[in-house]
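Summary of the model geometry
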Amino acid sequence: TVAVELIVVWILTSWSSSLCTTLGLRRLFTLMILLPLQLAQTSSVGLQQMHATDSQLRRAPGSLMSYEDKQEWARQKLIDACRTGAAVSILLAAIVLSMSDFDVLFALSVATGGVLSTVASGFVGVVVAFHLTKLDDNDMEIARAGMMAVHNVVCVAVMILSVIVFFNVFDDAQDLGAASMEIECQNLLGN
């Protein structure tokens, strides 16, 4: 788990100057403050979906569930992840609005990243459970720990990439202050 978490740190540090230049310091700090909250929420969704799917499959072993039933179960679990992601992302957007002087574009980008990372987490949870149903309980616990570590990397990457893409596509005013933000970020980050 620690080795995979180091990848999260690497992602954040290697993208920090690009993020700072794209978002500006205030937005970058707001995003860094919200990432642990987003990771906690997506971790919960991933584990819930994995546990629910694992429980369902153990009650009705894979040989008794038709392929269509498995697809329907997975689809329903992903819908549940989407609902949870949307609800929490509305909360994240409200927090961002209050922390960023009502920066609507930034709030929308964080909410979009929140939904996408939550859906990714739910998907990982369901897929892991489908592939690990033959494990005993001890091995399943090890698989859960591994899933959580990989999930953190995926969710941080999805969240940050979606915010960057959102800003590069929708922020027309970004170029106006880019040079001053780049100098400010370089001074802060020592690059």
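Higher on the page you've got the structure.
A brief structural summary. (Residues numbered from 1 in each chain as written. Predicted model: local features only at pLDDT ≥ 70, side-chain atom pairs only at ≥ 80, totals over all residues. Heavy atoms only, no water.)

**Details of the overall build of the protein**
Helix and strand content of the protein: 7 helices and 0 strands. Considering the protein as a whole, with its 191 residues, one finds that 43% of them fall into the buried category. Of all intrachain contacts in the protein linking residues separated by at least 6 positions in sequence, the fraction that spans at least 24 positions is 83%. Just so you have it, the protein exposes about 9900 Å², and 66% of that area is on carbon and sulfur atoms. (Helix = DSSP H or I, 4+ residues; strand = E, 2+ residues; numbered from the N terminus. Buried < 20%, exposed > 50% of the residue type's maximum accessible area, 1.4 Å probe, protein only. Contact = heavy atoms within 4.5 Å. Areas by Shrake-Rupley, 256 points an atom, 1.4 Å probe, with all protein chains shown as cover.)

**Description of the side chain of S109**
Assignment of secondary structure puts S109 in helix α5 (residues 104–131). With a relative accessible area of 0%, S109 lands in the buried category.

**A look at the side chain of T42**
Mapped onto the elements of the fold, T42 is located in helix α3 (residues 25–59). From its side chain, T42 meets the backbone oxygen of L39 in a polar contact 3.2 Å long. Not counting chain neighbours up to four residues away, the residues in contact with T42 comprise S117, T118, S121, H151 and C155. (Polar contact = N/O pair within 3.5 Å; in protein donor to acceptor, adjacent residues only side chain to side chain.)

**Re the pattern of salt bridges**
Side-chain pairs of opposite charge can arise where the charged atoms are in close proximity. A complete count under the given rule lists 4 salt bridges for this structure. For R75, the salt bridge goes to E72, with nearest N and O atoms at 2.7 Å. Taken together, the residues span about one helical turn, with R75 and E72 both in helix α4 (residues 67–99) at a distance of 3 residues. For R75, a relative accessible area of 42% puts it in the partly exposed group. As a salt-bridge pair, K77 and D80 come within 3.0 Å of each other at their nearest N and O atoms. Highlighted residues: K77 and D80, both in helix α4, separated by 3 residues, approximately one helical turn. When sorted by exposure, K77 lands in the same class as D80, which is buried. A single salt-bridge network, built from bridges that share partners, covers K77, D80 and R83. (Salt bridge = Lys/Arg side-chain N within 4 Å of Asp/Glu carboxyl O.)

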